[in-house]
Amino acid sequence: MSASAGPTTPPAFSPTGTYVPGEPWSSGVRRGPDGALTVAGVDVRELAVAQGTPAYVLDEADLRERARSYRRAFEAAFAEVGAGVDVYYAGKAFLSVAVARWVHAEGLRVDTATGGELAVALRAGVPGEHIGLHGNNKSDAEIARALDAGVGRIIVDSLVEVERVAAASRARGGAPAPVMIRVTTGVHAGGHEYISTAHEDQKFGLSLATGGHVATGTGAQTEDSPAMTALLAVLAHPELELLGIHSHIGSQILDPSGFEVAARKVLELRAALAQRTGFLVPEVDLGGGYGIAYLPGEVALDPDRIAKDVAASVAASSADLGTPLPRFSIEPGRAIVGPAGLTLYTVGTVKPVRVGGPDGEAGSTIVRTYVSIDGGMSDNIRPALYGADYHAELANRLSDAEPVLARVVGKHCESGDIVVHDVLLPGDVRAGDLLAVAATGAYGRSMASNYNHVPRPPVVAVADGGTRVLVRRETEDDLLALDQG
Ligand code: LLP
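Residues numbered from 1 in each chain as written. Predicted model: local features only at pLDDT ≥ 70, side-chain atom pairs only at ≥ 80, totals over all residues. Heavy atoms only, no water.

## What to know about the sheet that holds strand S3 (residues 42-43)
Filter applied, for reference: Whether two strands pair comes down to DSSP finding at least two bridges between them. Every helix listed is a DSSP run of H or I at least four residues long, and every strand listed is a run of E at least two residues long, numbered separately from the N terminus.
The sheet built from three strands is open, its strands ordered S1-S2-S3 with antiparallel pairing. Strands with a single pairing partner mark the edges of an open sheet, and in this sheet they are strand S1 (29-31) and S3. Two strands pair when backbone bridges link them, and S1 and strand S2 (residues 37-39) are joined in this way by three bridges, in the antiparallel orientation. Across the sheet, residue Arg30 finds its bridge partner in S2, namely Thr38.

What follows is the structure, encoded as structure tokens:
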């Protein structure tokens, strides 16, 4: 249960742009000879001219390398204790046809949370059996589509859904539908309440805690937990195959001990079910949530370290419980795509605002420089929604101007439209400059909106000095196409 150390020492940064490669930037980010940022050999100034700004820039080699390192780390560590493991890329972090193909080519499977994400994975040619479907409120159409596509697993989120998936499977008359039961272990981890999904007072999964639950018609005893009740219900349905138990404890987790505690609880449930029914659930999914660095000096979870810790811990738990190890799976999203992406913006209005002294007295000389960029909360809602912190740098040039305390803000009609709360930028930052915001690959484009009728930026992949548009920029025509007049 030791905390993992990062793979490297935190890189040194200077606010005026003397950049040393390292997180939170993708591995392909450098400063070119004249001081402009390059990503995978592509100069951001050329990229801005060719693609416009704002633009999400995705470093393909970096993303693929992260996918590989998660897969290799977990395969090696779990092989060491005699268990198999599959890595599912959580498409909610960012999914496009190309990205689904990349991660699949790197040996990952794809976890989808809606019919829309499922459609992208299928369009990419990911085989159904390598896709999982989540969702706390799946529609009949989503369940049907998943079954028709032959998905490898439907992660069932409620007792009602056990019946709904069974009915859909029965109607198709084919092989039993492979299902996992999503349980909530009471382990709460991650940076923000809204992104922590395994404590009890929330909508996901079925609780391991007993009480407050009355089961009918399932053969369960009234003191059973909702999780146990659902497992028994699945076993009672010949149209369903009980493939596994699933637990996801939160997101942006930097203290890995929560994974081990949750895994232990899931393995206990599995052992209890086996004792009761003789059925040993073949798989356990430990969910996603692996934290990344957003700021210089922050240290991401190291996949090798966490894989070893979790493998050792589940092996010990299984030995204690006297049950053989199941096959495992994990669902990282952010850790694969987050650091691979940056957002490129053009600076517009720069406004120094006197903000008062440390205790707010008038006449103070403390000034915050509001640097407005051509995007904002519509392309990155995370600062407004979660108070998330990001790092920005001047991207088109180096400057030796004295740094100023800056706040990077968007163009939306909201004072909370902030992309970077506090960052030191060169004092001569001005309209027409380019700013790059690091580590925006996850939950940026995927949570983007059209607030204020701002078209969503493109996602542009860079690799080996070349660029490729993965998702094109939205146009006003796209927005108006939906408007029926
Ligand atoms: N598996 C399940 C069942 C999940 O619910 C999630 C994320 C993941 C995997 C992937 O988690 P990751 O490895 O990316 O942390 N919009 C929030 C994050 C919400 C995460 C929801 N579930 C944010 O921007 O931080």
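## Some remarks on helix H5 (residues 140-148)
Selection rule: For every residue, the accessible area (1.4 Å probe, protein chains only) is compared with the maximum for its type, and the residue is labelled buried under 20%, exposed over 50%, or partly exposed between those bounds. We call two residues in contact when some of their heavy atoms are within 4.5 Å.
Among the residues of H5, Glu142, Ile143, Ala144, Ala146 and Leu147 are the ones counted as buried. Tucked into the core, H5 has its buried residues touching helix H4 (115-123), strand S7 (131-133), strand S8 (153-156), helix H6 (159-172) and strand S9 (177-184). Positive backbone phi, at 65°, marks Gly150, one or two positions downstream of H5.

## Overview of the environment of Val44
Along the chain, Val44 turns up in helix H1 (residues 44-51). In this structure Val44 comes out as buried when scored by relative accessible area, which is 1%. With 300 residues separating them in the primary sequence, Val44 and Leu344 have C-alpha atoms 7.8 Å apart. When near neighbours in sequence (up to four residues on either side) are disregarded, Val44 contacts Leu37, Val39, Leu344, Ala395 and Leu434.

## Examining the pairing of S8
As a reminder, the rule being used: Throughout, right-handed denotes a crossover for which the path from the first strand over the helix to the second runs clockwise when the strands point away from the viewer.
Residues Arg153 and Ile155 line one face of S8 and the alternating positions Ile154 and Val156 line the opposite face, and both faces are buried. In the sheet, S7 pairs with S8 via two bridges, with the strands oriented parallel. Looking at S8, one finds that Leu133 is bridged to Ile154. Read from S7 through H5 to S8, the crossover connection turns out right-handed. Note: S8 against S9, three bridges, orientation parallel. Of the residues in S9, the one forming a bridge with Val156 is Ile181. Running through H6, the crossover from S8 to the neighbouring parallel element S9 is right-handed.

## What about the environment of Thr185?
We count it as follows: Two N or O atoms count as a polar contact when they lie within 3.5 Å, although within protein this holds only if one can serve as hydrogen donor and the other as acceptor, and sequence-adjacent residues are included solely when both atoms are side-chain atoms.
Inspection of the secondary structure puts Thr185 in the loop between S9 and strand S10 (206-207). We classify Thr185 as buried; its relative accessible area is 4%. Spatially, the C-alpha atoms of Thr185 and Ala263 are 8.7 Å apart, while their sequence positions differ by 78 residues. Here Val187 takes part through its backbone nitrogen, which lies 3.3 Å from a polar atom of the side chain of Thr185.

## Observations regarding the site of the ligand
Stated precisely, the cut-off is as follows: A molecule or strand has a residue near it when one of that residue's heavy atoms lies within 4 Å. Where each domain begins and ends is defined by an automated method or by a domain database.
Taken together, 20 residues lie around the ligand, and Ser251, Gly289, Glu331, Arg382 and Tyr443 are the ones closest in. A distance of 2.6 Å is found between a nitrogen atom of the ligand and a side-chain nitrogen or oxygen belonging to Glu331. In the model, an oxygen atom of the ligand is placed 2.9 Å from a nitrogen or oxygen of the Gly333 main chain. Lining the shell around the ligand are residues from two domains, each supplying at least three of them: domain 1 (29-59 + 339-482) and domain 2 (81-337).

## A short note on the UniProt feature "modified residue: N6-(pyridoxal phosphate)lysine" (unreviewed entry) in the chain
Let me state the cut-off plainly: UniProt positions are given in the numbering used here, feature names are shortened, and annotations may be inferred rather than shown by experiment.
In the numbering used here, UniProt assigns the "modified residue: N6-(pyridoxal phosphate)lysine" (unreviewed entry) feature to Lys92. Structurally, Lys92 can be placed in the loop between strand S5 (85-90) and helix H3 (97-105). Apart from residues no more than four positions distant in its own chain, Lys92 is found in contact with Asp111, Ala113, Glu117, Tyr443 and Ser446.

## A short note on the packing of aromatic side chains
Just so we agree on the cut-off: Between rings of Phe, Tyr and Trp, where Trp is taken as its six-membered ring, a pair exists when centres lie within 6.5 Å; planes separated by under 30 degrees are stacked, by over 60 edge-to-face, and by other angles tilted.
All chains considered together, the criterion is met by seven aromatic pairs. Relative to Phe74, the ring of Tyr70 has its centre 6.1 Å away and its plane inclined at 10°; by these criteria the two rings are stacked. Linking Tyr70 with Phe74, this pair stays in helix H2 (residues 60-80), spanning four residues, or about one helical turn. Judged by its relative accessible area of 4%, Tyr70 falls in the buried class. Centre to centre, the rings of Phe74 and Phe78 are 5.8 Å apart; their planes meet at 20°, and the pair counts as stacked.

## Quick word on the confidence of the model for the chain
Rule in force here: As a per-residue measure, pLDDT tells how confident the predictor is, with possible values from 0 to 100.
For the chain, the average pLDDT comes to 91, and 89% of its residues sit at 70 or higher. In the model, residues 1-20 has pLDDT below 50 throughout and makes 56 contacts with residues more than four positions away in sequence or in other chains.

## Brief notes about the pattern of salt bridges
Any two side chains of opposite charge can pair, on the condition that their charged atoms come close. Going by this rule: A pair is scored as a salt bridge if a Lys or Arg side-chain nitrogen falls within 4 Å of a carboxyl oxygen belonging to Asp or Glu.
Scanning all chains against the criterion turns up 29 salt bridges. For the salt bridge of Arg456 with Glu474, the shortest nitrogen-to-oxygen distance reads 2.7 Å. Here Arg456, found in the loop between strand S19 (434-438) and strand S20 (459-463), pairs with Glu474, found in the loop between strand S21 (466-471) and helix H12 (476-481); they are 18 residues apart in sequence, far enough to count as distant. It is possible to trace a salt-bridge network through shared partners that takes in Glu60, Arg64, Glu65, Arg68 and Glu106.

## Section: the nonpolar core
Put simply, the rule is: By convention a nonpolar core is built from buried Ala, Val, Leu, Ile, Met, Phe, Trp, Tyr and Cys residues, the set being connected through side-chain atoms within 4.5 Å.
Leu58, Phe74, Phe78, Tyr89, Ile181 and Leu344 are the most contacted members of the largest nonpolar core, which has 125 residues in total. Both domains that meet at this core, namely domain 1 (29-59 + 339-482) and domain 2 (81-337), each give it at least three residues.

## What to know about the packing of H2 against helix H9 (residues 303-321)
Cut-off, in case you're wondering: A fitted line through C-alpha atoms represents every axis, and for helices the fit uses only the stretch in contact; the resulting angles, taken between N-to-C directions, go from 0 to 180 degrees. Working rule for angles: under 35 degrees goes down as roughly parallel, over 145 as roughly antiparallel, 65 to 115 as roughly perpendicular, anything else as oblique. Note on convention: the crossing is left-handed when the near helix lies turned anticlockwise from the far helix by less than a right angle, right-handed when the turn is clockwise. Each residue is assigned to one of three groups, with Ala, Val, Leu, Ile, Met, Phe, Trp, Tyr, Cys and Pro labelled nonpolar, Asp, Glu, Lys and Arg labelled charged, and all others, Gly among them, labelled polar.
Interaxial distance between H2 and H9 falls to 8 Å at its minimum, and their mutual angle equals 30°. On the basis of their axis angle, the class for H2 and H9 is roughly parallel. Crossing geometry of H2 relative to H9 is assigned as right-handed. Across from Ser69, Tyr70, Ala73, Phe74, Ala77 and Phe78 in H2, the residues of H9 making contact are Pro303, Asp304, Ile306, Ala307, Lys308, Val310, Ala311 and Val314. Of the residues assigned to the contact of H2 with H9, the class counts are 11 nonpolar, one polar and two charged.

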